[in-house]
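Summary of the model geometry
Letter by letter, the chains look like this.
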Amino acid sequence: MDKGTNSYDYIVVGAGFAGAVAARELAEKGNKRILIIDSRDHVGGNCYDAPDEDGILIHKYGPHIFHTDIERVYTFLSRFTDWYDYSHEVVARVGDELIPVPFNLNTLDMVFKDRAPALERLLKDKFGEGARVPILKLRQADDPGLKEIADYVYNNIFLKYTLKQWGKKPEEIDEGVSGRVPVVVSRDNRYFRDKYQGMPAEGYTALFEKMLDHENITVKLSTEADSVIRLSDMGDGSVEQASGSAPDGQKDQRVIYARPDQTDEWERYFGRVIFTGAIDELFDCCYGRLPYRSLRFDFSHYDEEHFQSHGVVNYTVSEDFTRITEFKYLTGQTDTDGTTIVREYPFSYTGADGEIPYYAINNTENDEMYDKYKRLADKYGLILIGRLAEYRYYNIDAIVDRALDVVSKIL
């Protein structure tokens, strides 16, 4: 194959988990030559971490805790990191109390005190030991005691938090979202129940750097996708024609042009493109902008050992922010004085400079809009992986598993 544009078998857009895992697998198992680009000046996507000016290892884009029951995901990632043994526990501030969430039998004791044993029996008789009951399902129970539990959880843990996080009532959001924080019929205070839980011992960024350290992988940062690839109906390399209609007889001439070195002339690209970014923005939002929730992060440093009692405290009733994360709990860092926290403020994503789309708002209308973009992407043979490219929510382990599966099918 000639040097230049087609010296790469795959161009991967995005150096988060979706892109990095796919790049490593293709380079290593398929002996493919990979160019991976990212518009940011670092690898790791939203999982990027780095020391702040006070030496505290922080997650710039909010906390990310690894957990999985998927054996191959844990095995794959363990090639690139050791693990700090961390089991995530979250509490919610309700009035003057900090109560475990998800709401469990320990929370039940704290809230209902002498009445808790009888209510515990009701939960176990109805749902069984260890059950995870979505709050909206619990609200449908006929028993007055179960309704009382449901009303407390709904009003003090779920309702206002959901309004802040999503800008909608719980009944207005996707059931997959409302089911993520259930009532748990157990005394396990851990937020996750997965077999493997922890944090990369040297941080996520170090994990990504090791994953992308391969002779077949070239990484280019601070590089926008449209400076490397262009989509064209007409064969002239014009990105403006990506969403248009070709003249009669040319409807199948949807092609990709590329210039990996950014100084070369645009040439038709005969490799494959794996795209992990915002699919609507790739096509200039020609069908409309896909709605997302975004987040603003306000970091603060304090000259004390700890700011709060847990790594994450949710503010489910009061305050404009949804939660405070204190990173030293998550990382186990002990080599610095003081502590750094971050407060999270959700808002509706508008596409303005500096805003980041975090959470897809899945409903019938939005999913139908995404399907239009998906069909358009398919015409160019784009391989879509990730939250933004697939317009859906993924935990870390789920997106790693997805990327491994996609590459397995490719190879």
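Look a little higher up for the structure.
Residues numbered from 1 in each chain as written. Predicted model: local features only at pLDDT ≥ 70, side-chain atom pairs only at ≥ 80, totals over all residues. Heavy atoms only, no water.

1. Regarding the side chain of Glu326
What counts is decided by this rule: Strands are runs of DSSP state E lasting at least two residues, helices are runs of H or I lasting at least four, and both sets are numbered from the N terminus onward. For the exposure calls, accessible area comes from a 1.4 Å probe over protein chains only, and a residue counts as buried if that area is under 20% of its type's maximum, exposed if over 50%, partly exposed in between. Here Asp and Glu are counted as negative and Lys and Arg as positive; His is not counted, and neither are the chain ends. For salt bridges, the criterion is a side-chain nitrogen of Lys or Arg within 4 Å of an Asp or Glu carboxyl oxygen. Throughout this description, a polar contact denotes any pair of N or O atoms lying within 3.5 Å of each other; where both atoms belong to protein, one of them has to be capable of donating a hydrogen while the other can accept it, and for residues adjacent in sequence the pair is counted only when both atoms sit in side chains. Note on contacts: a residue pair is in contact if any heavy atoms of the two residues lie within 4.5 Å.
Tracing the chain through its elements places Glu326 in strand β19 (residues 323–326). We note that Glu326 is buried and unpaired, the nearest opposite charge coming from Lys328 at a distance of 6.5 Å. Here His306 takes part through its side chain, which lies 3.1 Å from a polar atom of the side chain of Glu326. Glu326 has contacts with Glu305, His306, Phe307, Gln308, His310, Gly311, Thr339, Thr340 and Ile341, leaving out every residue within four places of it along the chain.

2. As for the packing of aromatic side chains
Note the threshold: Stacked, edge-to-face and tilted labels apply to pairs of Phe, Tyr and Trp rings (six-membered ring for Trp) whose centres lie within 6.5 Å, assigned for plane angles under 30 degrees, over 60, and everything in between, in that order. For a lysine, the NZ atom is tested; for an arginine, the CZ atom; a charge sits over a ring if that atom is within 6 Å of the ring centre and within 35 degrees of the ring normal.
Within the structure shown, the criterion is met by 23 aromatic pairs. Taken together, a centroid distance of 6.0 Å and an interplanar angle of 65 degrees make the contact between Phe112 and Tyr152 edge-to-face. Here Phe112 is found in helix α3 (residues 105–112), whereas its partner Tyr152 is found in helix α6 (residues 144–166), with 40 residues between them in sequence. Judged by relative accessible area, Phe112 falls into the buried class, the value being 11%. The class for Tyr152 is buried, based on a relative accessible area of 19%. Ring geometry for Trp166 and Tyr359: centres 5.8 Å apart, planes at 55 degrees, overall tilted. Here the residue Trp166 occupies a position in helix α6, and Tyr359 occupies one in strand β21 (residues 359–360), the gap between them amounting to 193 residues. Both residues of the pair, Trp166 and Tyr359, belong to the buried class. Of note, Arg40 hangs over the ring of Tyr61, and the distance from its end group to the ring centre comes to 4.1 Å. Stacked on the ring of Tyr345, the Lys or Arg Arg296 has its end atom at 4.1 Å from the ring centre.

3. Looking at the nonpolar core
Basically, it comes down to this: We define the nonpolar core as a collection of buried residues of types Ala, Val, Leu, Ile, Met, Phe, Trp, Tyr and Cys that are connected through side-chain atoms lying within 4.5 Å of one another.
Core analysis: the biggest nonpolar cluster contains 49 residues, and Ile279, Phe283 and Leu382 have the highest contact counts within it. In terms of residues, this core owes the most to one element, helix α11 (residues 364–379), which gives five residues. With 42 residues, the next largest nonpolar core counts Leu26, Val400, Ala403 and Leu404 among its residues.

4. A look at the packing of helix α1 (residues 17–29) against helix α13 (residues 396–410)
To be explicit about the condition: Axes here mean lines fitted to C-alpha atoms, for a helix over just the part in contact, with angles spanning 0 to 180 degrees between N-to-C directions. The hand of a helix crossing depends on one turn: near helix anticlockwise from the far one by less than a right angle means left-handed, and clockwise means right-handed. Under the grouping applied here, Gly and all other residues not named as nonpolar or charged are polar, the nonpolar ones being Ala, Val, Leu, Ile, Met, Phe, Trp, Tyr, Cys and Pro and the charged ones Asp, Glu, Lys and Arg.
Across the interface, α1 lies against α13 with an axial gap of 9 Å and an inter-helix angle of 35 degrees. Relative to α13, the crossing made by α1 is right-handed. Contacts between α1 and α13 involve Phe17, Ala18, Val21, Ala22, Glu25 and Leu26 from the first element and Ile396, Ile399, Val400, Ala403, Leu404, Val407 and Ile410 from the second. Looking at side-chain class alone, the contact of α1 with α13 contains 12 nonpolar, no polar and one charged residues.

5. A few points about the pairing of strand β14 (residues 255–258)
Spelled out, the test is: By this definition, two strands are paired if DSSP reports at least two bridges between them.
Here β14 shows two buried faces, one formed by Val255 and Tyr257 and the other by Ile256 and Ala258. Sheet topology note: the strand β13 (residues 229–232)/β14 ladder contains four bridges and is antiparallel. Within β14, the residue paired with Leu231 across the bridge is Ile256. As paired strands, β14 and strand β15 (residues 267–268) are joined by two bridges and run antiparallel to one another.

6. As for a negative patch on the surface
Our working definition: The patches reported here contain residues having more than 30% relative accessible area and no salt bridge. Joining distances are 9 Å for like charges and 5 Å for nonpolar side chains (Val, Leu, Ile, Met, Phe, Trp, Tyr). In this description, accessible areas are obtained by the Shrake-Rupley approach with a 1.4 Å probe, and a residue is regarded as covered only by the protein chains that are shown. Every charge is mapped to an atom, namely NZ of Lys, CZ of Arg, CG of Asp or CD of Glu.
The grouping of Glu53, Asp54, Asp303, Glu304 and Asp337 at the surface amounts to a negative patch. Among the secondary structure elements, Asp303 is positioned in the loop between β17 (292–302) and β18 (312–314).

7. Things to note about the environment of Ala258
With respect to the secondary-structure elements, Ala258 resides in strand β14. A C-alpha to C-alpha distance of 31 Å links Ala258 and Phe76, two positions 182 residues apart in sequence.

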